[in-house]
Amino acid sequence: MYFQIHFVLLVSRQGKVRLTKWYSPYTQKERSKVIRELSGVILNRGPKLCNFIEWRGYKVVYKRYASLYFCMCIDEADNELEVLEIIHHYVEILDRYFGSVCELDLIFNFHKAYYILDELLIAGELQESSKKTVARIISAQDQLVEAAKEEASSISNIIAQATK
Amino acid sequence: MEQLKTIGRELAMGSQGGFGQSKEFLDLVKSIGESRSKAEEDRIVLSEIDILKRKLLEPDVPKRKMKEYIIRLVYIEMLGHDASFGYIHAVKMTHDDNLLLKRTGYLAVTLFLDEDHDLIILIVNTIQKDLRSDNYLVVCAALNAVCRLINEETIPAVLPQVVDLLNHGKEAVRKKAIMALHRFHRKSPSSVSHLVSNFRRKLCDSDPGVMGATLCPLFDLISEDVASYKDLVSSFVGILKQVTERKLPKSYDYHQMPAPFIQIKLLKIMALLSSGDKSASEMMYMVLGDLFRKCDSSTNIGNAILYECIRCISCIIPSPKLLEDAAEAISKFLKSDSHNLKYMGIDGLGRLIKISSDIAEQHQLAVIDCLEDPDDTLKRKTFELLYKMTKSSNVEVIVDRMIDYMISINDNHYKTEIASRCVELAEQFAPSNQWFIQIMNKVFEHAGDLVNIKVAHNLMRLIAEGFGEDDDDADNKLRLSAVESYLQIISEPKLPSLFLQVISWVLGEYGTADGKYSASYISGKLCDVADAYSSDETVKGYAVSALMKIYAFEIASGRKVDVLPECQSLIEELLASHSTDLQQRAYELQALLSLDARTVESILPLDASCEDIEVDKDLSFLNGYIQQAIESGAQPYVSERERSGGMFETTDYHSQDHHEVTSHALRFEAYELPKPSVPSQPSAALVPVPEPSYYSEPHQPISTSSSVSERESSEIKLRLDGVKQKWGRPSYQSSTSASSSTPPQAANGTSTHSDGGGVASSSSSKPRSSYESKKPEIDPEKQRLAASLFGGSSSSSRSDRKSSSGGHKPAKGTANKPLATVPKESPITVPDLLDFDEPTGTSDVAATDPFKELEGLMESSRQDGGGSTDVMGLYSTDASAPVKTTTSVDSLLSELSDSSRGTYHQSQTTKGPNSKEALEKDALVRQMGVNPTSQNPTLFKDLLG
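Residues numbered from 1 in each chain as written. Chains lettered and ligands numbered in written order. Predicted model: local features only at pLDDT ≥ 70, side-chain atom pairs only at ≥ 80, totals over all residues. Heavy atoms only, no water.

Caption draft 1: Geometry of the side chain of Glu48(B). Along the chain, Glu48(B) turns up in helix H3 (residues 38-57). Setting aside its immediate chain neighbours within four residues, Glu48(B) contacts Leu28(B), Arg72(B) and Ile76(B). (Helix = DSSP H or I, 4+ residues; strand = E, 2+ residues; numbered from the N terminus. Contact = heavy atoms within 4.5 Å.)

Structure below.
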């Protein structure tokens, strides 16, 4: 089956996994193998080389931001430069959302990184190319979270007072 | 009271801390982050799994707590461990009414489950309900899950609702509904075939995001059936034109490019639609020409569009002007310092070379530079280009290079690919037989077992059949040279199994044919092989069969056969082998040695591997024998089918089975009330009935011996072809065994390898003197390589050029007319199709949107940095430099100011809230005990400079 993007992988320079999203079916075992293989290759590549590697008949496009490598696996015949920009697009959206995003934001908020990715890509295809639209729907979701939090803290205050 | 207290604490915990998770979870993440080895990480995760298993089983886990557990499960699974024990809790969470929890549940199930998981059935109902929700965020969350989890069986359950959502008020919902339908189309085209018109309609959606999403399914539909979408060409051209003229809202701009991702998608679609279609291609000339002019080749995204244009041009029927544009873009790519662009350039060259073969010539040096580049990716792409431009004049240089590279790499996947390419090129363009065999030897020697077994069979067939011409002398020379080269190689250690099979077979067939080598010499070598590779049964089998042939030829020619002592011991060893195949061969060999010359000659005639063997499938030659047996009182044979109860029940059983299959599908409506049960099928019908394949098996082994395809897959099947047939006459049996060692059957066709030789000499490479005079400073080594790669084409391509320019002339004439009509047409057709009014609200929103300002900053700073694409890269490369976190933002900014001093002040003011945020974040992190100065200071570094 044709997917534009087979999986998304975020790995740190130390080889630690920060986010994985699989659009094509892979078993848990295959996933570990893919991550091991790819991080072995990508982390050892020099800085001036291509941002693409050919891998098992697919192509993996990666880009390094500070200490984090963003990788996307695509079909061999796809447009690599475009995918490089999809990665950058994602990073820019993360940057807007977190405000100067750093790796630590993604470590502790990986689920938020997932929510954002879900607004950007769906079933391995780019569904939205406007940063603003993505930001808008994410903030709408977050407002709900805020509302829930306020509710929770007011309840906790009541309980705290009751138990005094 | 105590319980209330804990709830209170938990609730407070939930809202405390900027990251919104409990201390426990933060500790987990932290300890994983600080673990120094994979083993340590695994240990932490395993203990976390234990904790979670326990906690999830506790009764009445508060919901907020459960949400966190689920996120922890996601984390565990992300790190590559199995969290399946908690899947059911994630599924339950999707049922929750609270959107926050529901969203977490959906996130977790989309990450945990794939569409074939058993738990999906528990979610379908919730999805159905959520798709009807009033809250569009709930609908969005459900649609995300639909895209991931709904499989062919469950599509009907949600399809009507998804279709309704195509007209939802929120564009985010419409977009996701489109993507969901797209997904359904991929899963099961028939389920949505009646809805395809919706995609066309949604192309005119008022929201550009929805339109952009619609391009995904349309791309798929068009690639399946180009003809029925030809009418859309003008619409796509119109849309692309509007996009390039910046008619879309500003928010779709990306690095000053108007909606580049939509442009690329459109170009991909148009390439499909106009492939080989002159009139459709002509409609695109103008907009493509515009793109070449407008695209900013200093940004990556601009180059991405340029590259897509090149791809598009390589698919359509281009005008000469467009070809020029594309060639120019390619030469820009190749001249660039960026490896990425060089790579794209080489790729583009490979595409255009099909249309105009002389285009590569101008870039020969760039190509050779890429070939010698240390970057493997670039090198491989260049090999791909060379593969595409191989001719008989340059095949030797290219294949030699490929083989050198093949030897140097370890990546098995690519090794296989490049080996098969070498073989293909060698077969197609080989200048001489000798060379061909040499190349094949190298490929087998170094890529050995990675080579497809067919290649080995092809090689054996080639050696057996010769080159198809009736020139026995040449064929014999070929065989002799093969035998000689194999005898040289055979003693090298650790040859691949496949290669040894070829060697053994050839030595067996032709080792003694020329009389140059004695039977004992060859048989000694074969024994050595069987001895050295004693664990490889296939090789041993080949070796024994080869020995048998050698001895058979000796016996048939009337010479006395001395079986070497090592051969004798080999036979004795194999007589007791665990492998029945080897045992069989050994017994046959032993039997053959005691036969007289005439019999042996009819069993194994000399050089008869290409003769067809007639197979009598009905075993009619046994009729007399059977007749005799019946006459003397034997029972006639009753077939197994008849024995087990007759045809009637068999068919009955199968039709019933079939019926069950068709009605087996999930139902999502309520079941009707149970009816009084009908007495079930008589149990006799369920008595196991042999499957059809089973009772036809007795014929099988006989037919295999003659079928080529069977033999190719014989590695995995039982090797029945060498086994003695129970009812066969001796002569028949042994001819089977002869063919068992004769891999590919001569399919009485003539060989395809006859081209090459003659052509090669006529167009042998001529160094290009004009070229050398142009660039005198170039390394002569490279020049020579260039000449040998490209030189050969100079003579032929010149004539090509003549013919191609002749071919283009009429194209030019006709091209002008549509060029004039296109602009006239588009204003008429386009506006009613797409009406992207510039939303008037956007500017107001932008003024209050902090993100907008940030974007402006990012863009302006990039602009000031000389427009170079590497500003981002600049900061990301020196990640190793420890950055003090308290000042991380400032220091980065000061770095930034080096390249863009002018924007520094402005950026500080706009970044103000952000740096404050960063400080807060930092303080928080410190509270949690993550120390930035500890092992990984780069954690705090901004990903974007």
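The rest of the description comes next.
Caption draft 2: Examining the packing of helix H10 (residues 171-187) of chain B against helix H13 (residues 208-224) of chain B more closely. All names here are of chain B. One can describe the packing of H10 onto H13 by two numbers: an axis separation of 8 Å at closest approach and a directional angle of 15 degrees. Taken as axis vectors, H10 and H13 run roughly parallel relative to one another. Between H10 and H13 lies a crossing whose hand is left-handed. Contacts from Glu171, Arg174, Lys175, Ile178, Met179, His182, His185 and Arg186 of H10 reach H13 at Gly209, Val210, Ala213, Thr214, Cys216, Pro217, Asp220, Leu221 and Glu224. Per-class residue counts for the contact of H10 with H13 are seven nonpolar, four polar and six charged. (Axes fitted to C-alpha atoms, helices over the stretch in contact; angles between N-to-C directions. Parallel < 35°, antiparallel > 145°, perpendicular 65-115°, else oblique. Left-handed = near helix turned anticlockwise from the far one by under 90°. Nonpolar A, V, L, I, M, F, W, Y, C, P; charged D, E, K, R; others polar.)

Caption draft 3: Quick peek at the environment of Leu526(B). Looking at the element boundaries, Leu526(B) is found in helix H28 (residues 519-532). On the basis of relative accessible area, Leu526(B) is assigned to the buried category, the value being 0%. (Buried < 20%, exposed > 50% of the residue type's maximum accessible area, 1.4 Å probe, protein only.)

Caption draft 4: Up close: the pairing of strand E2 (residues 17-22) of chain A. All names here are of chain A. For E2, the buried fraction is high: six of the six residues fall into the buried class. Where strand E1 (residues 5-12) meets E2, five bridges bridge the pair, whose relative direction is antiparallel. Opposite Val8, over in E2, you have Lys21 as the bridge partner. Taking the residues between adjacent antiparallel strands as the criterion, E1 and E2 are bridged by four residues, where Gly15 takes a positive phi near 85 degrees. (Pairing = 2+ DSSP bridges.)

Caption draft 5: The arrangement of helix H5 (residues 87-94) of chain B in detail. All names here are of chain B. Burial runs high along H5: six of the eight residues are buried. Turning to H5, its buried residues number three or more, namely Tyr87, His89, Ala90, Val91, Met93 and Thr94. Along its buried surface, H5 packs onto H3, helix H4 (63-78), helix H6 (99-112) and helix H7 (120-131).

Caption draft 6: Geometry of the packing of helix H20 (residues 364-371) of chain B against helix H21 (residues 376-388) of chain B. All names here are of chain B. Packing of H20 against H21 brings their axes to within 8 Å, and their N-to-C directions diverge by 130 degrees. Viewed along their axes, H20 and H21 adopt a mutual orientation that is oblique. Mapping the contact onto sequence places Val367, Cys370 and Leu371 in H20 and Leu378, Lys379, Thr382, Phe383, Leu385 and Leu386 in H21. Considered class by class, the residues forming the contact of H20 with H21 number seven nonpolar, one polar and one charged.

Purely geometric numbers; function is a separate question.
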